[in-house]
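An overview of the molecular structure
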Amino acid sequence: MCGIVFAAQWDTAPGKDADKGSLDEILEQLHMANSVRGPDAQRRHQTSTTEGATSSSVHLDFFSSELLLRGDAPVVQPHVHPNGDVLCWNGEIFQGLDIHPEENDGVKLFDALTGLMDASSIVQLFGTLEGPYAFVFYHHRSKRLFFARDPLGRRSLLIHKPSYTLPYMLLASVSVGANPSYDLAELSTEFIYCLDLSSFEDNAAAIFDACLESHQRLQPNSGAFVPFARPARVNRALPEGQLSPSLSQSLDFIPPFLATAVDDLISHLDRSVALRVRNIPRGGAAHRSNGEEPPLGSASARVAVLFSGGIDSTTCAFLAHRHVPLEEPIDLLNIAFENPRKIRLQVDGNAGGMSKKKKKAKVLQDAAPVDGPLLERYSPDYLVPDRITGLTELEELRRLCPGRQWNFVEIDVPYSEYQAAHSTVKATMWPGRTIMDLSLAMALYFAARGIGQVRSSGVSDPVPYASPARVLLNGLGSDELLGGYGRHRTAYNAGGWQAVIDELQLEMDRIPTRNLGRDDRMISAHGKETRHPFLSLDVVNFLAVLPVHYKVDPRLEVGIGDKMLLRLATRKLGLVEASSRKKRAMQFGSHSARMEVGVPDGGGTSVVS
């Protein structure tokens, strides 16, 4: 993974010299923020379209930082070819190129790109690649600049288009918040963009859009095999006749017609996780946040899971266990916030509130699967729902995965620390700016930092711990693909199976705009990379073409009918507790939402002040 900052400035731009100071200042800030994403190496490369000629030209400024997660040899970006081609690559190629464990995917991709001669060939190449990415590629011979994000938008790339007052172009993986020197927006994933830099003979702001080509990822009549050009469309076939419920309110029996689909889902997810956890280079102590050593003299974890104890994160953890060497620990990052509003309502004796003693008794009652004496050792202020379910699933994973050391990292965030990080998180998530953006960004920011405490057993005293893992698995995506939201049940009640199909297609269409770029910026702010096993295009396409009633049955109760296929698969893997656990949004499970006492919510879409 890397970070990208690219700038283009035109000689013909009015007031260019006056604007140069503004551009230099914002570039310096973006370069600093970008360096945090890639602590292993950074480099800047500058060139122009006329290579020193005195005629009008476009000045190009490339900056990349590198987080080395592929290959054995050190890699420094941008990649620069003797022919003048330049590539800034922020991504992972899991399928589509033959890459050996000791090789770097960015180097292999650059080799492939420099042999291509036209836009059509470049677009086709990216249609054969599976993995999260954002890139900026300058094709020197044609004076064309190509840039894009992957079809699902799993990596951040922000764009500032030239305007009359800010007549330069920016592309950046990072943001430094609201700033008068740019007007950033998330780059759409719909196209692969190509900017013809040889066509600028006038003011850039006036003709920029006319010089910007938007290439369809799936080119009509090309005949090329591009399996990853875009996600498959949802199967629109309706169940035949009066379909009876697939299950009898139980996950213990797999109906015969679902047996193959269950096995295939396990196979697809297992392969997706394997591709994302194998052959990760070892990071040294310099990559730990505070230098704390792993507990008990164990090896360092290279893989961590954003772990709530829900069905998605638990499935990711269990499948990672199959492919991470047994002698290595796997870190389970479990986040909990001290939430003054929750504490005031439940502790200070407000109407409907309760004393700390009564609150702890209620927590123990709600957490029946976890031993009461174990939870007695935890502060009630951090016994949030995700902490309780996380501890439950920790015990289930220990039973099913003997020999594996699971580091359950209790990441407790005091309210004072939340307040101290507010400005940093607000700037990093920009152009995200809503209350919901903030509550989710806060949870991801502190979880990815990985600083907390671990216990060698449930009754042991905690010891400080900072996760050294640089790859974080995230279970995002299953609700969209498998009908896990309450709105899918609402759609069925309103319009039957057809309405569910329509809603699932809307979910697919919205994935690229569901703030994966924001999430990437938050997690990468600590020099970590998130990987989404459920959002492999292999998994996405497999689930899209399945009949709707294979995936979800809204007629069954919550915890069975929602994400039915995944629940059956998880139960088959032996994860009994996780298989029937109901969905809970991260911001509510961790208590990162609605923090301030006496401040009206205003709704999740309200803008952060």
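In case you missed it, the structure is sitting above this.
The notes below deal with the structure included here. (Residues numbered from 1 in each chain as written. Predicted model: local features only at pLDDT ≥ 70, side-chain atom pairs only at ≥ 80, totals over all residues. Heavy atoms only, no water.)

On to the pairing of strand β13 (residues 303-306). One face of the sheet, then the other: side chains in a regular strand alternate in exactly this way. Burial along β13 is two-sided: V303 and V305 facing one way and A304 and L306 facing the other are all buried. The pairing of β13 with strand β18 (residues 471-473) spans three bridges and is classified as parallel. Bridge pairing links A304 to L472 in β18. Strand direction decides the pairing type here: β13 and strand β14 (residues 330-337), joined by three bridges, are parallel. (Buried < 20%, exposed > 50% of the residue type's maximum accessible area, 1.4 Å probe, protein only. Helix = DSSP H or I, 4+ residues; strand = E, 2+ residues; numbered from the N terminus. Pairing = 2+ DSSP bridges.)

Of all hydrophobic cores here, the largest spans 69 residues; its most connected members are L332, L543 and L565. Tallying contributions element by element places helix α5 (residues 259-277) first for this core, with seven residues. Membership of the second largest hydrophobic core comes to 31 residues, among which are I335, I411, Y445 and A447. (Core = buried A, V, L, I, M, F, W, Y, C linked by side-chain atoms within 4.5 Å.)

The buried fraction of strand β11 (residues 191-196) is high, at six of six residues. Because side chains alternate across β11, one face comprises the buried residues F191, Y193 and L195, and the other comprises I192, C194 and D196, equally buried. In the sheet, strand β7 (residues 144-149) pairs with β11 via four bridges, with the strands oriented antiparallel. By the bridge assignment for β11, F147 is matched with Y193. Note: β11 against strand β12 (residues 212-216), five bridges, orientation antiparallel.

For the structure on display, the rule yields 16 aromatic pairs. Here the aromatic rings of F126 and Y133 are separated by 5.4 Å at their centres, their planes lie at 45 degrees, and the arrangement is tilted. Taken together, F337, Y415, Y418, Y445 and F446 form an aromatic cluster joined through their ring pairs. Just above the ring of W430 sits the side chain of R433; from NZ or CZ to the centre is 4.2 Å. Positioned above the aromatic ring of Y378, the side-chain terminus of R455 is 4.2 Å from the ring centre. (Phe/Tyr/Trp six-rings, centres within 6.5 Å; stacked < 30°, edge-to-face > 60°. Lys NZ or Arg CZ within 6 Å of the ring centre and 35° of its normal.)

With that settled, consider helix α14 (residues 486-510). Each full turn of the α-helix corresponds to 3.6 residues, which orients residues three or four apart in the same direction. Helix length check: α14 (25 residues) gives 16 Å between terminal C-alpha atoms against 36 Å at 1.5 Å per residue, more than 12% under. G495 marks where α14 bends most, by close to 140 degrees. For α14, the full list of buried residues reads H488, A491, G496, W497, A499, V500, I501, E503, L504, Q505, E507 and M508. Turning to α14, the residues buried within the fold contact α13 (478-482), α16 (537-544) and α17 (548-551). (Expected span 1.5 Å × (residues − 1). Bend = angle between axes of the 7 residues up to and from the residue. Contact = heavy atoms within 4.5 Å.)

Read across the sheet, six strands follow the order β4-β5-β6-β7-β11-β12 without closing on themselves; strand pairing throughout is antiparallel. Whereas interior strands pair on both sides, the edge strands pair on one side only; in this sheet they are β4 (79-80) and β12. For β4 and strand β5 (residues 86-91), the ladder comprises two bridges, and the chain directions are antiparallel. What sits directly across from V80, in β5, is V86. Sitting on the sheet, helix α4 (residues 204-211) touches β11 and β12, and the angle it makes with β12 is about 20 degrees. (Axes fitted to C-alpha atoms, helices over the stretch in contact; angles between N-to-C directions.)

Our next topic: the packing of α5 against α16. Here α5 crosses α16 at 165 degrees, and the two axes come no closer than 9 Å. Overall, the two elements α5 and α16 adopt an arrangement that is roughly antiparallel. The hand of the α5/α16 crossing is left-handed. The residues of α16 that touch α5, namely those facing A261, D264, L265, H268, L269, R271 and S272, are D538, V539, F542 and L543. (Parallel < 35°, antiparallel > 145°, perpendicular 65-115°, else oblique. Left-handed = near helix turned anticlockwise from the far one by under 90°.)

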